[in-house]
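# Structural features, examined
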Amino acid sequence: MKHPVVNVGAGLSGLRAASLLTAQGIKCKVLEARDRIGGRVLSTSDPNRPDLGKFDLGPSWFWPQYESTITNLVKELDLGTFVQYTEGAMLFERFQNEPPERHVLPENSIERSMRFIEGTQSLVDAVANTIPSGTVELETRVTAIRLDEAGAITVEADLADGKRTKVYASAVILALPPRMVVRHIEFSPSLPPHLITDLVSKPTWMAGQAKAVAIYERPFWRESGLSGFVSSRVGPLQEIHDTSPATGSGALFGFFAMPAKMRQELGEDKVIKLVIDQLVRLFGTSAQHVSGILYKDWSSDSETAVEEDLDPLRDYPSYGQPPQAGVWEKKIIFAGTETNSQYGGHLEGALQSAEQAAFKIINLNNES
Ligand SMILES: Cc1cc2nc3c(=O)[nH]c(=O)nc-3n(C[C@H](O)[C@H](O)[C@H](O)COP(=O)(O)OP(=O)(O)OC[C@H]3O[C@@H](n4cnc5c(N)ncnc54)[C@H](O)[C@@H]3O)c2cc1C
């Protein structure tokens, strides 16, 4: 291949595809709009108390009992993991003005999930470390992909300083959410209409969600026999879990029942206040004494969500490879978790789609 393969997106999928290709001696460039790698993976600490550990504002779990690709990669990269804490009773919040119900769930009724000791970012960082330095270009937002009559591909991108850049590519791996491809990248010639319809119909997993993490000096709820797991019909959080680091401090995180539009109208401060009120209702006054709160609303993140993602999902989306790309066939290859039919939405789907994309490129390379 004369030019490098260009991967759009330095999420787990784009990075893993780059890692697999460079291992086969195929030159790659990864162009990433953000100033960091990882995409929806984001592990961070409280800036005022970094000693209390790292917390995931994106994905936290994987499930070794079903997900062999991530499980094998974690072993290969020798990453530290631990089992999600689930010991003790769960709380069910049915009505705002009544105390929550306390239930002890039957043994093995909660799916066993694994977490990363250093946060899920450790997986992304370890994959990135397998790629030669200089492969990933940050703050490089792809805006257009052009194919000329001779079959040459040019990728155009905006840089942070307002300048534009052009990269010639042998093929392009689109490792960003399908809706972002349609809304943010201009194709010349245009993508076929049936392909555009398919891409728009694949909602970006979790793009309408937000995570709030309340950090405490210790996981005090465990002392009263609570697991930290809550299911709520009151909200704003509909599902709460213990997200304490493997050792040290305590933390609870929740996903929201409150729709994205309402969160955006209320603003971060009011949403956080409602979250703390809910935690106090559930876990008592100790929950008031947060050491810090981390909040990430993915619906307001323009590198993940588009307008359509603000609408709550009614069903689990149908994910999988997009249909034929017309003149773009063998020029653009789709990766990213939403293009994986079995594990679409999960880290496992991101990795499997990367393997599939790398496999297609390796075949193209062998043909040329
Ligand atoms: C709150 C939350 C909780 C989750 N929990 C779990 C969990 O527990 N377990 C699990 O398995 N999965 C979970 N997920 C899903 C998981 O995060 C995703 O499946 C996975 O991270 C997707 O990786 P990806 O590489 O396919 O896409 P992304 O991570 O979205 O990567 C795409 C990349 O493309 C970049 N990009 C976008 N536009 C452009 C452009 N024009 N030019 C250049 N770059 C661009 C983006 O900045 C991004 O870095 C969760 C997600 C969220 C948000």
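Residues numbered from 1 in each chain as written. Predicted model: local features only at pLDDT ≥ 70, side-chain atom pairs only at ≥ 80, totals over all residues. Heavy atoms only, no water.

Per the stated rule, a full pass over the model turns up 1 cavity of 30 Å³ or more. Considering the residues around the largest cavity, the lining is formed by Lys 54, Asp 56, Phe 82, Arg 115, Phe 116, Ile 117, Gly 119 and Pro 245. Of the residues assigned to the lining of the largest cavity, the class counts are 4 nonpolar, 1 polar and 3 charged. (1 Å grid on protein atoms, 1.4 Å probe; cavity = no way out; pocket = protein on both sides within 12 Å on 5 of 7 lines; lining within 4 Å. Points joined across faces, edges and corners; volume = space filled by probe spheres on them. Nonpolar A, V, L, I, M, F, W, Y, C, P; charged D, E, K, R; others polar.)

Once that is clear, we can look at the site of the ligand. Neighbouring the ligand are 36 residues; Glu 32, Arg 34, Trp 61, Gly 345 and Leu 347 lie closest to it. A distance of 3.2 Å separates an oxygen atom of the ligand from a polar atom in the backbone of Leu 12. Across the complex, the protein chains shield 99% of the 1,000 Å² of accessible surface that the ligand would expose by itself. Only helix 1 (12-23), strand 10 (140-147) and helix 8 (347-367) provide two or more residues apiece to the shell around the ligand. In terms of residue count, the dominant contributor to the shell around the ligand is strand 10 (3 residues). When its residues are assigned to classes, the shell around the ligand shows 19 nonpolar, 12 polar and 5 charged. (Near = heavy atom within 4 Å. Polar contact = N/O pair within 3.5 Å; in protein donor to acceptor, adjacent residues only side chain to side chain. Areas by Shrake-Rupley, 256 points an atom, 1.4 Å probe, with all protein chains shown as cover. Helix = DSSP H or I, 4+ residues; strand = E, 2+ residues; numbered from the N terminus.)

With 5 of 7 residues buried, strand 16 (residues 226-232) is to be regarded as a mostly interior element. Two strands pair when backbone bridges link them, and strand 6 (residues 89-93) and strand 16 are joined in this way by 4 bridges, in the parallel orientation. Within strand 16, the residue paired with Leu 91 across the bridge is Val 230. Pairing between strand 16 and strand 17 (residues 237-242): 2 bridges, direction antiparallel. Among the inter-strand pairings, Val 230 is bridged to a residue of strand 17, identified as Ile 240. In this antiparallel pair of consecutive strands, strand 16 and strand 17, the connection spans 4 residues, and Gly 235 shows a positive phi of 85°. (Buried < 20%, exposed > 50% of the residue type's maximum accessible area, 1.4 Å probe, protein only. Pairing = 2+ DSSP bridges.)

Once that is clear, we can look at the layout of surface pockets. Using a probe with the size of a water molecule, rolled over the atoms, empty space left in the structure can be pinpointed. Taken as a whole, the second largest pocket holds about 310 Å³ of empty space. If you trace the second largest pocket, you find 18 residues lining it, with Thr 86, Glu 87, Asn 108, Ser 109 and Ile 110 closest to the centre. The residue inventory of the lining of the second largest pocket, partitioned by class, reads 7 nonpolar, 7 polar and 4 charged.

To continue, consider the packing of aromatic side chains. Evaluation of the coordinates by the stated rule reveals 12 aromatic pairs. Look at Phe 187 and Trp 328: their rings are 5.4 Å apart centre to centre, the planes differ by 85°, and that puts the pair in the edge-to-face class. Separated by 141 residues along the polypeptide, Phe 187 in strand 14 (residues 186-188) and Trp 328 in the loop between strand 19 (292-297) and strand 20 (332-334) bring together distant segments of the chain. In this structure Phe 187 comes out as buried when scored by relative accessible area, which is 9%. Aromatic ring contacts, followed pair by pair, group Trp 61, Trp 63, Phe 253 and Phe 255 into a single cluster. Across from the ring centre of Tyr 85, 3.6 Å away, lies the NZ or CZ of Arg 222, which sits over that ring. (Phe/Tyr/Trp six-rings, centres within 6.5 Å; stacked < 30°, edge-to-face > 60°. Lys NZ or Arg CZ within 6 Å of the ring centre and 35° of its normal.)

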